[in-house]
Amino acid sequence: MTTIDDPTQLVRAIADGGAGPGDLDRLIALGAPALPALVDGLAAGANVPTLTTAMAALGVPAPLATFEPLLAHAAMAVRRAAVAALGATRDAAAVPILAQRLRAMPAAVADALADLAHPDGIAPLRDYVAAAAPTAAPGPAWAAAGVASQVVAAVGAVGALARLGDHTHAALALGAIEVDADEAVRLAGVRALRYVTVPGVAAALARAARDPDAEVATRALEATLLLGRPAEAALWIAMIAADDPNADLARWCLAAWAGAWLPDAATLTDRATAEAWWQQAQPFVVSDRCYRLGALADPGALLDGLAAPPSGFLRAELRARTGCPAVWERLAGDPASPGELAGVRAWWATHGARFTPGELHRWGRVVAPSIVD
């Protein structure tokens with residue numbers, strides 16, 4: 001295979017799906033000279049997640065001065081990529097630049113403020129949620145025309161606050177799960193609860209796991225796997241035993257949770273087999289511990305999964321557990337490049353010791369598993 005070094009050709013190869021395993025790394029390694037080609041590709045709508053990832057990882061001499069002007073670009077994809085790139089700088093000086101655009105681009109800016117990982121991002125997010133949150137109790141009023149989208153944005157900011165260690169407005173995410181009239185609001189709540197660690201989270205996710213909307217149920221079941229305590233395993237077993245409409249997803253969660261304890265999850269096809277397996281497995285787990293792959297939950301045990309074609313969930317899981325900025329979450333289920341793998345492993349070598357196996361890990365924090373009850 002011929003090595004491509006021209007940024008325009010690299011962007012075109014990525015856009016066309018013909019890029020080789022190291023092409024994304026080569027594009028990023030070009031630094032500032034790659035920026036015009038990236039902007040052109042994004043403006044054309046070409047493979048936006050990958051090109052956004054490249055821009056965020058790009059090394060440039062003056063990141064704020066480079067990316068801030070792009071916030072005024074005519075193309076929304078370029079503006080969003082510039083927001084992501086500012087979030088990747090980890091520079092507190094980016095907070096006010098982003099905060100003044102929070103109302104115009106709430107989802108992208110909230111995520112970027114979380115990525116900055118600086119406490120200065122908490123105040124603008126709190127102010128935004130306080131202004132956008134509905135005054136009515138959770139219910140049909142939250143699904144009204146013109147209100148639901150505002151609630152979705154506010155709940156997204158709650159998730160960003162949780163990533164910064166602030167749960168001031170966590171009740172808004174919990175309340176969103178109760179809005180039966182709007183699946184978009186419930187989905188926003190589920191997504192925020194991936195990061196929120198307060199009492200009531202486990203019960204809210206258990207309800208959402210049985211949601212009639214497939215997307216809500218899928219994201220809720222993934223979030224229960226991120227908890228991964230025996231209580232969640234009991235939920236999955238109950239769903240399988242009851243032949244719940246989402247039983248296949250519950251079976252997938254159970255297999256990911258149990259690992260070698262359950263060599264063939266597909267054999268749990270009815271109440272008898274599901275409950276018999278749980279009766280055998282239950283004595284070997286501790287109620288106040290988190291598990292994954294049949295062992296006490298340890299994010300380091302998941303890293304090798306990036307080297308193979310990862311599941312679409314794996315990157316999101318690693319980010320939710322660790323907050324590791326080297327995980328390129330936008331690439332979803334695409335194979336990791338050598339550069340991404342090296343970055344993740346280097347980060348883990350420095351930070352991994354703080355992730356005590358079996359505790360609840362959220363965005364780099366370690367908390368007691370019972371905190372979500």
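The paragraphs below set out a description of the structure included in this document. (Residues numbered from 1 in each chain as written. Predicted model: local features only at pLDDT ≥ 70, side-chain atom pairs only at ≥ 80, totals over all residues. Heavy atoms only, no water.)

## Here's the deal with the packing of helix α1 (residues 7-16) against helix α3 (residues 35-43)
Running from amino to carboxyl end, α1 crosses α3 at an angle of 30°, the nearest separation of the two axes being 8 Å. As far as their axial angle goes, α3 and α1 are roughly parallel. Helix-helix and strand crossings are classified by hand; for α1 and α3 the assignment is right-handed. Contacts between α1 and α3 involve P7, T8 and V11 from the first element and A37, L38 and G41 from the second. Considering only residue class, the contact of α1 with α3 consists of four nonpolar, two polar and no charged. (Axes fitted to C-alpha atoms, helices over the stretch in contact; angles between N-to-C directions. Helix = DSSP H or I, 4+ residues; strand = E, 2+ residues; numbered from the N terminus. Parallel < 35°, antiparallel > 145°, perpendicular 65-115°, else oblique. Left-handed = near helix turned anticlockwise from the far one by under 90°. Contact = heavy atoms within 4.5 Å. Nonpolar A, V, L, I, M, F, W, Y, C, P; charged D, E, K, R; others polar.)

## Considerations on the nonpolar core
Of all hydrophobic cores here, the largest spans 120 residues; its most connected members are M55, W236, L254, W257 and W277. Take this core: its biggest share by element is 10 residues, from helix α10 (residues 148-163). Sequence-distant contacts of M55, that is, excluding residues within four places in its chain, are made with L35, L38, V39, L42, F67, L70, A81, A82 and A85. By size, the runner-up hydrophobic cluster in this structure holds 14 residues, among which are L314, L318, C324 and V327. (Core = buried A, V, L, I, M, F, W, Y, C linked by side-chain atoms within 4.5 Å. Buried < 20%, exposed > 50% of the residue type's maximum accessible area, 1.4 Å probe, protein only.)

## Considerations on the side chain of R362
If you trace the backbone, R362 turns up in strand β3 (residues 360-362). Buried within the structure, R362 lacks any salt-bridge partner; E317 is the closest side chain of opposite charge, at an N-O distance of 8.0 Å. Among the polar contacts listed, one links the side chain of R362 to the backbone oxygen of L226, at a separation of 2.9 Å. Excluding residues that lie within four positions of it along the chain, R362 makes contacts with R194, Y195, T197, A223, L226, L227, A320 and R321. (Lys, Arg positive; Asp, Glu negative; His and termini not counted. Salt bridge = Lys/Arg side-chain N within 4 Å of Asp/Glu carboxyl O. Polar contact = N/O pair within 3.5 Å; in protein donor to acceptor, adjacent residues only side chain to side chain.)

## Re helix α4 (residues 48-57)
An α-helix turns once per 3.6 residues; consequently, residues spaced three or four apart project the same way. For α4, the tally of buried residues reaches seven of 10 residues, placing the bulk of the element in the interior. Burial in α4 covers these residues: T50, L51, T52, T53, A54, M55 and A56. In this structure, the buried residues of α4 make contact with α1, α2 (23-29), α3, α5 (63-67) and α6 (76-88).

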